[in-house]
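Next come the chains, spelled out residue by residue.
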Number of protein chains: 2
Amino acid sequence: MKVGILGTGMVGQTIAAKLAENGDDVMIGTRDVQATLAKDKPDMMGNPPFRVWHDKNHKVKVGTFADTAAHAQLVVNALSGQASIEGLKMAGEKNIAGKIVVDISNPLDFSKGMPPSLFMSNTTSLGEEIQKAFPNAKVVKTLNTVNAYLMVDPKKLKDGDHTMFVSGNDAAAKAEVTAWLKKSFGWSDVLDLGDLTTARGSEMAVALWARVWMSTNNPMFAFKVVR
Amino acid sequence: MKVGILGTGMVGQTIAAKLAENGDDVMIGTRDVQATLAKDKPDMMGNPPFRVWHDKNHKVKVGTFADTAAHAQLVVNALSGQASIEGLKMAGEKNIAGKIVVDISNPLDFSKGMPPSLFMSNTTSLGEEIQKAFPNAKVVKTLNTVNAYLMVDPKKLKDGDHTMFVSGNDAAAKAEVTAWLKKSFGWSDVLDLGDLTTARGSEMAVALWARVWMSTNNPMFAFKVVR
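Everything in this summary refers to the structure shown in the same document. Given the structure is predicted, the values throughout are model-derived calculations rather than measurements.

Details of the overall build of chain A
Each helix and strand in chain A was counted, giving ten helices and eleven strands. Taking 227 residues into account, the globule formula puts the C-alpha radius of gyration at 17 Å, and chain A, at 16 Å, falls close to it. When the 227 residues of chain A are sorted by exposure, 59% land in the buried category. As displayed, chain A has an accessible area near 9,400 Å², and 54% of this comes from carbon and sulfur atoms. Averaging the locations of the 26 positively and 23 negatively charged side chains of chain A gives two centres separated by 2 Å.

Quick word on a nonpolar patch on the surface
There is a patch of nonpolar side chains on the surface, built from Phe 110, Met 114 and Met 214 of chain A and spanning about 300 Å² of accessible area. Here Met 114 of chain A lies in the loop between β6 (108-109) and β7 (117-118).

A word on the pattern of salt bridges
For side chains of opposite charge, pairing can occur when their charged atoms come near one another. Per the counting criterion, the structure on display carries 24 salt bridges over all chains. Its salt-bridge partner being Lys 41 of chain B, residue Asp 40 of chain B comes within 4.0 Å of it at the nearest N-O pair. Each member of the pair, Asp 40 of chain B as well as Lys 41 of chain B, is classed as exposed. Via salt bridges that share partners, Asp 103, Lys 141 and Glu 203 of chain A belong to a single interconnected network.

Points about the environment of Phe 221 of chain B
By the element assignment, Phe 221 of chain B lies in the loop between α10 (199-216) and β11 (222-226). Remark: the alpha-carbon pair of Phe 221 of chain B and Pro 154 of chain B, spanning 67 residues in sequence, is separated by 9.8 Å.

As for the relation of the copies chain A and chain B
Once turned by 180° and shifted 0.0 Å along the axis, chain A lies on chain B with an RMSD of 0.0 Å. Overall, the copies show the geometry of a two-fold rotation axis.

Quick word on the environment of Met 114 of chain A
Owing to a relative accessible area of 44%, Met 114 of chain A belongs among the partly exposed residues under this scheme. Aside from chain neighbours lying at most four places away, what touches Met 114 of chain A is Trp 213 and Met 214 of chain A.

Some details on the sheet that holds strand β8 (residues 138-141) of chain B
Each strand in a sheet pairs with its neighbour through backbone hydrogen bonds, running either in the same direction (parallel) or in the opposite one (antiparallel). A sheet is described by the order of its strands in space; here eight strands give the open sequence β3-β2-β1-β4-β5-β8-β9-β10 (chain B), paired in mixed fashion. For this open sheet the edge positions go to β3 (61-64) and β10 (189-194) of chain B, each flanked by a neighbour on one side alone. Between one strand axis and the next, the sheet turns by 25° as a mean value, whatever way the strands run. As paired strands, strand β9 (residues 163-168) of chain B and β10 of chain B are joined by five bridges and run parallel to one another. Paired with Met 164 of chain B across the two strands is Val 190 of chain B, which belongs to β10 of chain B. Lying over the sheet, helix α10 (residues 199-216) of chain A contacts β9 and β10 of chain B, oriented at roughly 95° with respect to β10 of chain B. The sheet strands contacting helix α9 (residues 171-185) of chain B are β4 (74-77), β5 (100-103), β8, β9 and β10 of chain B, and the helix crosses β9 of chain B at an angle near 155°.

Brief notes about helix α5 (residues 81-91) of chain B
Residues and elements named next belong to chain B. Taken residue by residue, α5 has Gly 81, Ser 84, Gly 87, Leu 88 and Ala 91 as its buried positions. Buried residues of α5 fall within an arc of 100° about the axis and therefore sit on the same side. In α5, the exposed positions angled more than 90 degrees off the buried face are occupied by Gln 82 and Lys 89. Along its buried surface, α5 packs onto β1 (2-6), α4 (65-71), β4, α6 (93-96), β5 and α7 (126-133). Following α5 by one or two positions, Gly 92 has its phi on the positive side, about 100°.

Focus on the environment of Gly 92 of chain B
Of note, Gly 92 of chain B is situated in the loop between α5 and α6. Considered as a pair, Gly 92 of chain B and Lys 155 of chain B are 63 residues apart in the sequence and their alpha carbons are 35 Å apart.

Re the packing of helix α1 (residues 10-22) of chain B against α9 of chain B
Residue and element names in this part refer to chain B. In contact at an axis separation of 10 Å, α1 and α9 are set at 75° when each is read in the N-to-C sense. With respect to α9, the element α1 is oriented roughly perpendicular. Across the interface between the two elements, Ile 15, Lys 18, Leu 19 and Asn 22 from α1 touch Trp 180, Ser 184 and Phe 185 from α9. Considering only residue class, the contact of α1 with α9 consists of four nonpolar, two polar and one charged.

Details of helix α1 (residues 10-22) of chain A
Residues and elements named next belong to chain A. With 13 residues, α1 extends 18 Å from end C-alpha to end C-alpha; this agrees with the ideal 18 Å at 1.5 Å per step. Every buried residue of α1 is accounted for by Gly 12, Gln 13, Thr 14, Ile 15, Ala 16, Ala 17, Lys 18, Leu 19 and Ala 20. Elements in contact with the buried residues of α1: β1 (2-6), β2 (25-30), α3 (50-56), β4 (74-77), α8 (148-152) and α9 (171-185). Where α1 terminates, the next one or two residues include Gly 23, which has phi positive at roughly 105°.

Examining the packing of α5 of chain B against α7 of chain B
All names here are of chain B. For the pair α5 and α7, interaxial distance at closest approach is 10 Å and the crossing angle is 15°. Classified by the angle between their axes, α5 and α7 sit roughly parallel to one another. As α5 packs across α7, the resulting crossing turns out to be right-handed. Here Gly 81, Ser 84, Ile 85 and Leu 88 of α5 come into contact with α7, specifically with Leu 126, Glu 129, Ile 130 and Ala 133. Among the residues making up the contact of α5 with α7, the classes are represented as five nonpolar, two polar and one charged.

Reading the values: the criteria
Residues numbered from 1 in each chain as written. Chains lettered and ligands numbered in written order. Predicted model: local features only at pLDDT ≥ 70, side-chain atom pairs only at ≥ 80, totals over all residues. Heavy atoms only, no water. Helix = DSSP H or I, 4+ residues; strand = E, 2+ residues; numbered from the N terminus. Rg over C-alpha atoms; globule rule 2.2 N^0.38 Å. Buried < 20%, exposed > 50% of the residue type's maximum accessible area, 1.4 Å probe, protein only. Areas by Shrake-Rupley, 256 points an atom, 1.4 Å probe, with all protein chains shown as cover. Lys, Arg positive; Asp, Glu negative; His and termini not counted. Charge placed at Lys NZ, Arg CZ, Asp CG, Glu CD. Patch = residues over 30% accessible without salt bridge, like charges linked within 9 Å, V, L, I, M, F, W, Y side chains within 5 Å. Salt bridge = Lys/Arg side-chain N within 4 Å of Asp/Glu carboxyl O. Least-squares fit on C-alpha atoms with pLDDT ≥ 70 in both. Contact = heavy atoms within 4.5 Å. Pairing = 2+ DSSP bridges. Axes fitted to C-alpha atoms, helices over the stretch in contact; angles between N-to-C directions. Arc of directions from axis to C-beta. Parallel < 35°, antiparallel > 145°, perpendicular 65-115°, else oblique. Nonpolar A, V, L, I, M, F, W, Y, C, P; charged D, E, K, R; others polar. Expected span 1.5 Å × (residues − 1). Left-handed = near helix turned anticlockwise from the far one by under 90°.

As C-alpha cells, then:
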C-alpha cells in the first residue's frame, strides 16, 4: 500500500521504517525537504539527525507534505499536536480529500514544563478539530496512547496483551484502520470507542500516561482495558 | 478502624457496607440525617431509598458530615465532585485536620449530557483543590477510576489483575492508604503516581473510562498498566 507519513520526528520515522520493512511504498513528508536532509545535529530529544535514519531506511521516499499526501492511499499524521493542522493544510485539502487520515497526534503543551498539559481537551479534541478543518478526510484517531516503539510492535510488551483505541466518524474507515493495525503492527485488542468525539477520551488519557511514565521512569507500558 | 464516609449515594453505601462487613466502625455522613432517612423514592439512577440500604446495613452509623468526620480516624470523600468541597466544609476543618482524606470524587459535569465533561482538569484537579481548601488534611486520591463494585472487590474482575492509582503529597499517608486498599478490598496492583498534581492524570482518565463504558455497555472493567 502507498502510505504517506506526515512528520519526520521519531514517531514518523518509526512508523515509516516498519511499514517499509513490511513492503509498503512509503513516503515521509516534511515542511522543507532540503532543510530536513541538511540537518547534522541531534534534535532536542537527542535523536540523531534525520539523514542518519534515512541512510538506514533509504527505501522510504522523502517529500514535501503535499508530495507525501498526494502519494498516499493512507495518510498518517505523525506531526506534533501544535503543528498538525498547519501541516495538513500544507499537505493540501485536495490531496487528503476522501482518504483515511490516521491521526496519532496529541495536543501536548510543553510550554509550562513537564509533564505537558493539553492545549485542548474535555469539550473537544485534536482529532475532532482536524476533522472539522478537513471535512472530506476520514479521520481515525489511534496509536496516541503508547510510545512509538509499541505503536509498531505491541508484542514487544507482554505479547501484545494490551489495548489500542480507535475513534472516528466513518465506520468503514475505522474497520480498515483496525485491520491495518492488526496486520501491519500486530495489535490484537483494538477497541472501537465510537465517533470522533471519543478521541477526547484517548487524548485525555495521555495525561495519565505522562504521569505513569514519570513515576515509573519507563515509557514501555500500555493501558489494557481489563473486561 | 473508625471510618467516616461522606456521601450516602451508591459509592458511599458500597464502601460503607464493605468496611462494616470487614469489622470496621463505620459512620456514613449526610447533609441532613432526617431528610436522608425519610426518603422513600428511588434516586435519579433508580437506586432504592437510603433507608432500604440502611435496614440491611444497620451496623453502619448515620450522622451529619460533621458527626462523621469527628467519628473518623480515616475520612472517605464519596460525595459527587460538585458537592465535595462544600460537604467537606460542612464536615468542618477541625474534624478533618491531620487526618487522611481518601478522595474518590471526580469533577464530573453532567449538565451538557452524556458522557460527562470535567468541570476542572488539565491544569488542576479536584484532589488538588480539596487539598488547597483543607491544607491540614492529608488528601490521597484513589479509587476514582473504577465503579463502586470494583472499588471494594477488585477480584470480581480477572482476579484483580488491574491497576489502582494513588496520588498524594504525604508519603506516609499514601503508604497507609495503599495498605488499606490491599487489606480492606483486596487490591494487588497499586501504582503510586506521585504528588497530588498527578490526580490530574487519574481524573482525566475518567474521560476515557466514560467512553469505554458507553462503547462496551459494561461498567465492570478497569484499566491495567501493562508494564
